[in-house]
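Fold and contact review
These are the residues of each chain, in order.
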Amino acid sequence: MAVPSPTLGEVVSAIDNAIRLHYATHTAPPNLTAILASSSRLLSYKLTRADVARVCHHSPVYTITERSDGELCIDMASAPDRGEVVKSTTPLLGSTPDDVGLAQFVRRSKTPTSSPTKVGKHYSLSTLSNRPDKFTFKQRSESDATAKSGLSLLERIKLKETKRKLEQATPSPTPEEAMTPVYAAKVYDILFCQSDGKITTYELERLVTTCRQSISVPLATDDIKGAIKYVADRLPQVSWVERHINDENVTVVRVVGPLNRHHDLAKIASNPLA
């Protein structure tokens, strides 16, 4: 018995879930072949590159990039009609012209395939000769060092001591602090997929529950809240708002502007506050 063709919404949901699962343990965009295999298992239907082309023909919900090695990668794009596409009940097959190919949706990577040729120095025989003055010991005087750095010996010692104290005063991040950007990236993916480029408000506790259900790695509530706050502190489009409602303090998280996944994740990974 032939397996019925899935709808456009079912295909997009399956591919989205496969991409989210990939980002739970990776940071680089996923390989298209691997995502097709994962989403096919989720759908119980064999998806092909032609199916991805049909989806992209309907709406630019994905970006397809060709790496320098020829492999294709797929990632979610912030299409304005993503919410409608996910809910679409239009059958995938027969919904687009037969001549729609994936190639027209592929972007070529600008990463160079090879390093530029390094031009070395050319030496003459006279340059390579061992002149006697090369082996003559030359003692550097204090005045020479002062003239070069602009600081006396005592000033340089004080400067080194000050630098050493500053380094000691700046503690190394704990393992928990080091993992916060990783958790924050996973939280961001959830906000990115759910907001669909619209102004969206989330009650903090519900958002924590959603994150716990969506992230494959078990996280404590405080870790998830810390990751959400981390994102809100670094992205102007995401705000952490505390309100007083009915004699209770309620925290909400708002997405107040469009999200740019590649730019935002780079900002989250760089760690410093915006």
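Refer to the structure printed above.
Treat the numbers as computed from the prediction; the structure is a model and nothing was measured. (Residues numbered from 1 in each chain as written. Predicted model: local features only at pLDDT ≥ 70, side-chain atom pairs only at ≥ 80, totals over all residues. Heavy atoms only, no water.)

1. A closer look at the side chain of Ser88
Stated precisely, the cut-off is as follows: Counting from the N terminus, the helices are DSSP H or I runs at least four residues long and the strands are E runs at least two residues long. Each residue is assigned to one of three classes by its accessible area relative to the maximum for its type, calculated with a 1.4 Å probe on protein chains only: buried under 20%, partly exposed between the two thresholds, exposed over 50%. Polar contacts, as used here, are pairs of N or O atoms within 3.5 Å; protein pairs need one atom able to donate a hydrogen and one able to accept it. Residues neighboring in sequence count only if both atoms are side-chain atoms. Note on contacts: a residue pair qualifies if any of its non-hydrogen atoms lie within 4.5 Å across the two residues.
In this fold, Ser88 is placed in the loop between α4 (82-87) and β3 (106-108). What makes Ser88 buried here is its relative accessible area of 16%. A polar contact of 3.2 Å, which involves the side chain of Ser88, links it to the backbone nitrogen of Thr90. Those residues in contact with Ser88, other than ones at most four positions away along the chain, are Thr7, Leu8 and Gly9.

2. So, the packing of aromatic side chains
Definition in use: Ring geometry is summarised as follows: Phe, Tyr and Trp rings, the Trp one being its six-membered ring, pair when their centres sit within 6.5 Å, and such pairs are stacked at plane angles under 30 degrees, edge-to-face over 60 and tilted between the two. To sit over a ring, a charge needs its Lys NZ or Arg CZ within 6 Å of the ring centre and within 35 degrees of the ring normal.
As enumerated under the stated definition, the model contains one aromatic pair in all. The ring of Tyr62 carries the charged tip of Arg82 above its face, separated from the ring centre by 5.6 Å. Sitting over the ring of Tyr23, Arg261 keeps its end group 3.7 Å from the ring centre.

3. Things to note about the environment of Glu71
Locating Glu71 in the fold gives a position in the loop between β1 (62-66) and β2 (72-76). Judged by its relative accessible area of 32%, Glu71 falls in the partly exposed class. Note: C-alpha distance between Glu71 and Thr33 (38 residues apart in sequence) is 8.8 Å. Other than its neighbours up to four places away in sequence, Glu71 contacts Asn31, Thr65 and Glu66. Of note is the side chain of Glu71, whose polar atom sits 2.9 Å from the side chain of Asn31.

4. Comments concerning the sheet that holds strand β5 (residues 238-245)
So the rule is basically this: In this analysis, strands are considered paired if DSSP registers two or more bridges between them. Inter-axis angles, ranging from 0 to 180 degrees, are taken between N-to-C directions of lines fitted to C-alpha atoms, where helices are fitted over the stretch in contact.
Reading across the sheet, the three strands line up as β4-β6-β5 and stay open at both edges, with antiparallel pairing between neighbours. Only two strands of the sheet have a single partner each, and these edge strands are β4 (200-203) and β5. Within this sheet the neighbouring strands show an average axis-to-axis angle of 30 degrees, counted without direction. Summarising the sheet, β5 and strand β6 (residues 248-255) pair through eight bridges and their orientation is antiparallel. Opposite Arg243, over in β6, you have Val250 as the bridge partner.

5. Overview of the packing of helix α1 (residues 8-23) against helix α3 (residues 49-58)
Rule in force here: Geometric relationships in this document are graded by angle, where less than 35 degrees denotes roughly parallel, more than 145 denotes roughly antiparallel, 65 to 115 denotes roughly perpendicular, and other angles denote oblique. Each residue gets one label: Ala, Val, Leu, Ile, Met, Phe, Trp, Tyr, Cys and Pro are nonpolar, Asp, Glu, Lys and Arg are charged, and the others, such as Gly, are polar.
Relative to each other, α1 and α3 sit at 110 degrees, their axes nearing to 11 Å. Classed by the angle they form, the pair α1 and α3 counts as roughly perpendicular. Contact residues: α1 offers Leu8, Val11, Val12 and Ile15, while α3 offers Val52, Val55 and His58. In terms of residue class, the contact of α1 with α3 is made up of six nonpolar, one polar and no charged.

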